[in-house]
Amino acid sequence: MTTLPVSTPSTVSPLEPHLGFIRSQFPALDSPWAFFDNAGGSQVLRGVAERVSAYLLSTSVQLGASYAVSQEASARVEAGVQAAARFIHAADPREVVLGGSSTQLVANLASAMGECLKPGDEIIVTDTDHEANVGAWTRLESRGIHTRIWKVNPQTLHLDLEALDALMTERTRLVCFTHVSNVLGTINPVAEITRFVHERGAQVFVDGVAYAPHRRIDVQAWDVDYYLFSWYKVYGPHISLLFGKLGHLLALPSINHFFVSPDAAAYRLQPGNLNYELTYSLTGVSEYMAALQTRLGVDGLGGVFDAFAAHEAALAGRLLEYLATRPRVRVIGHPSADPTVRVDTISFVVDGVASSEIPKFLDGQHVAVRYGHFYAYRLIQTLGLDQTEGVVRVSMAHYNTLEEVDRLIAGLDAFGL
């Protein structure tokens, strides 16, 4: 077994005294498995699952009727929408669109926006994004909408504003980019990019799926036009959220029934409506965050996520220190655990080893990691990693422990890394 120094952060993780409580809120963690595939889907809070059950077993009726059970159901669903709006610091709950998946929500928005764009208009996408935030926009080329690709700097693996500036023209209408790459783990400066794009007269669409579990979302502070993430990666149910500035949503054509009110901003992009029980269950995420706020003695969601960042930096530091000692390993992304530049989603490849071999070996150690392209297929191609079966990805969450990271390291040692 490789002997490692104590983790890099100079202070003890603020979550360390509370990990017993934290882990008790996630029933699946009472398991022999160490879960390091959290970027694919986090574990679910007990309070979320209990609310799904409570809704279905006591208020499974249609909303908006006069009878008492329908009124209670309506109140529960509205509470979920309000909780979602607070989570992202939206100015108005009508700015929150909920749907079955992030991919579907992007497709819905692109369909609506496509009716407003003109042939010759341009949309910029990146080669670092999940395909959900690329394919929906490139499909608009059939309507004469041109797509330009903002390419990652192959040396730094960053998205450079100079490269974006060279792509933007007076016909640029939308710039689509990821807040955090689900392969690289790099945090892109959303507020800075948004200001840059707005100064040139275009809007932004930000994929925050890989960011949302790790850091506070503040759509007002960043001034983003559209923002997207999946609740099932943020300790909640399998639904997703699309934020749009209220004025933008009201200006879009409806993809819902023709008689839906023009003032029903979110509903116009929710054909078939939202999922009632899953929407109500979002209050379970809010309850958990409020409990952590009290236990940690911090101010608001920002304080909770700051604690997440510090703890996750300790986890990432332990693993990155180990990987740096392995001469055949190449980390794909920032080599530092600095929480201001990356989240604790860490990808790597090993010279002479197919990426599929390592997760399969770790299965026998009850350590769950994953390999592949993670739907960021264009990035994997850009980096020439498609011939190695993509990358091995270790994605951690605030409920993981240093002891679990050490189990992962022991498994990698046993593999012969």
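How each quantity is defined
Throughout this description, residue numbers start from 1 for each chain and increase along the sequence as written. Restriction of local features to residues with pLDDT of at least 70 applies here, the model being predicted, together with a cutoff of 80 or more for giving and counting side-chain atom pairs; totals for whole chains, interfaces and linings are based on all residues. Excluded from the side-chain calculations are hydrogens and water; all other atoms, namely the structure's heavy atoms, are used. We count a stretch as a helix when DSSP gives it H or I for four or more residues in a row; a strand needs E for two or more, and each element gets its number in order from the N terminus. In this setup the radius of gyration rests on C-alpha atoms only. A globule is expected at 2.2 Å times the number of residues raised to 0.38. For the exposure calls, accessible area comes from a 1.4 Å probe over protein chains only, and a residue counts as buried if that area is under 20% of its type's maximum, exposed if over 50%, partly exposed in between. Contacts are assigned to residue pairs that have any heavy atoms within 4.5 Å of one another. For every accessible area listed, the method is Shrake-Rupley and the probe measures 1.4 Å; residues are considered covered only by the protein chains on display. Any carboxyl oxygen of Asp or Glu within 4 Å of a side-chain nitrogen of Lys or Arg constitutes a salt bridge here. Any two strands with at least two DSSP-identified bridges between them are counted as paired. Simply put, an axis is a line fit to the C-alpha atoms, just over the touching stretch for a helix, and the angle between two N-to-C directions goes from 0 to 180 degrees. Here a cavity denotes grid points, spaced 1 Å and computed from the protein atoms alone, that fit a 1.4 Å probe unable to get out, and a pocket denotes an open set having protein on both sides within 12 Å along at least 5 of 7 lines; residues with an atom within 4 Å of a point are the lining. Grid points are joined across faces, edges and corners, and a volume is the space filled by probe spheres set on the points. For the domains described, the bounds stem from an automatic or database domain assignment. To estimate the expected span of a helix, subtract one from its residue number and multiply by 1.5 Å. Each residue carries a pLDDT score, the predictor's confidence in it, ranging from 0 to 100. To form a nonpolar core, buried Ala, Val, Leu, Ile, Met, Phe, Trp, Tyr and Cys residues must be joined to one another through side-chain atoms within 4.5 Å.

1. Focus on the overall build of the protein chain
Check the secondary structure of the protein chain and you find 14 helices and 13 strands. Since a compact globule built from 417 residues should have a radius of gyration of about 22 Å, the 22 Å found for the protein chain is in line with a globular shape. Along the first, second and third principal axes, the C-alpha atoms of the protein chain reach 65 × 55 × 35 Å. When each of the 417 residues of the protein chain is scored for burial, the buried share is 56%. Sequence separation of 24 or more characterises 70% of the internal contacts of the protein chain that already satisfy a separation of 6 or more. Accessible surface, the protein chain: about 16700 Å² in total, of which carbon and sulfur atoms supply 53%.

2. Some remarks on the pattern of salt bridges
As a working rule, side chains carrying opposite charge can pair if their charged atoms are close by. One pass over the structure, following the stated rule, counts 17 salt bridges. Between Asp413 and Arg326 there is a salt bridge, with its nearest N and O atoms 3.9 Å apart. Separated by 87 residues along the polypeptide, Asp413 in helix 14 (residues 402-415) and Arg326 in the loop between helix 11 (300-324) and strand 9 (329-331) bring together distant segments of the chain.

3. Quick word on the sheet that holds strand 6 (residues 203-207)
Taking strand neighbours across the sheet as the criterion, the 7 strands line up as 2-8-7-6-5-3-4 in an open arrangement whose pairing is mixed. Looking at the sheet topology across the chains shown, the edges are occupied by strand 2 (96-99) and strand 4 (146-150). Looking at each pair of strands side by side, their axes are set apart by 20° on average, direction ignored. Packing against the sheet, helix 4 (residues 102-114) makes contact with strand 2, strand 5 (172-178), strand 6, strand 7 (226-230) and strand 8 (240-244), and its axis sits at approximately 155° to strand 7.

4. A word on the layout of surface pockets
Approximately 540 Å³ is the volume attributed to the largest pocket. Lining the largest pocket are 35 residues, and of these Ala39, His130, Asn182, Tyr232 and Lys233 sit closest to its centre. Ranked by residues supplied to the lining of the largest pocket, first place goes to strand 12 (residues 370-372) with 3 residues. The two domains that each donate at least three residues to the lining of the largest pocket are domain 1 (16-45 + 299-415) and domain 2 (50-285). Roughly 380 Å³ of volume is contained in the second largest pocket. Residue lining of the second largest pocket: 17 residues in total, with Glu78, Val81, Ala266, Tyr267 and Gln270 positioned closest to the centre. With 4 residues, helix 3 (residues 68-88) is the largest single contributor of residues to the lining of the second largest pocket.

5. Observations concerning helix 14
Over its 14 residues, helix 14 extends 20 Å from the first C-alpha to the last, a length consistent with the 20 Å expected when each residue adds 1.5 Å. Within helix 14 the residues assigned to the buried category are Leu402, Glu404, Val405, Leu408, Ile409, Gly411 and Leu412.

6. As for the confidence of the model for the protein chain
For the protein chain, per-residue confidence averages 95 on the pLDDT scale, and 97% of positions sit at 70 or higher. In this model, residues 1-10 is a region of pLDDT below 50 whose contacts with residues beyond four sequence positions or in other chains number 22 contacts.

7. A word on the nonpolar core
Residues Phe87, Phe229 and Trp231 are the most contacted members of the largest nonpolar core, which totals 86 residues. A total of 9 residues in this core trace back to one element, the largest contributor, which is helix 10 (residues 276-296). A domain split of this core shows at least three residues from each of domain 1 (16-45 + 299-415) and domain 2 (50-285). Residues in contact with Phe87, not counting those within four places in the same chain, are Arg216, Ile217, Phe229, Trp231, Val234, Val285, Met289, Leu301 and Phe305.

8. Some words on unusual backbone geometry
Note: most peptide bonds trans; most residues except glycine with negative phi. Despite not being glycine, Asn273 has its phi angle at roughly 70°, a positive value. Relative to the assigned elements, Asn273 resides in the loop between helix 9 (246-251) and helix 10. Relative accessible area serves as the criterion here: at 30%, Asn273 is assigned to the partly exposed category. Even without a glycine there, the phi angle at Phe374 is positive, about 55°. Position of Phe374 among the secondary structure elements: in the loop between strand 12 and helix 13 (377-382).

9. Digging into the pairing of strand 7
Among the 5 residues that make up strand 7, 5 are buried, leaving the element largely enclosed by the rest of the structure. With burial as the criterion, each face of strand 7 is covered, one bearing Tyr226, Leu228 and Ser230 and the other bearing Tyr227 and Phe229. Bridge count between strand 6 and strand 7: 3 bridges; the pairing is parallel. Bridging from a neighbouring strand, Val206 pairs with Tyr227 of strand 7. Pairing of strand 7 with strand 8, which is carried by 5 bridges, proceeds in the antiparallel orientation. The residue bridging Leu228 from the neighbouring strand is Leu242, located in strand 8.

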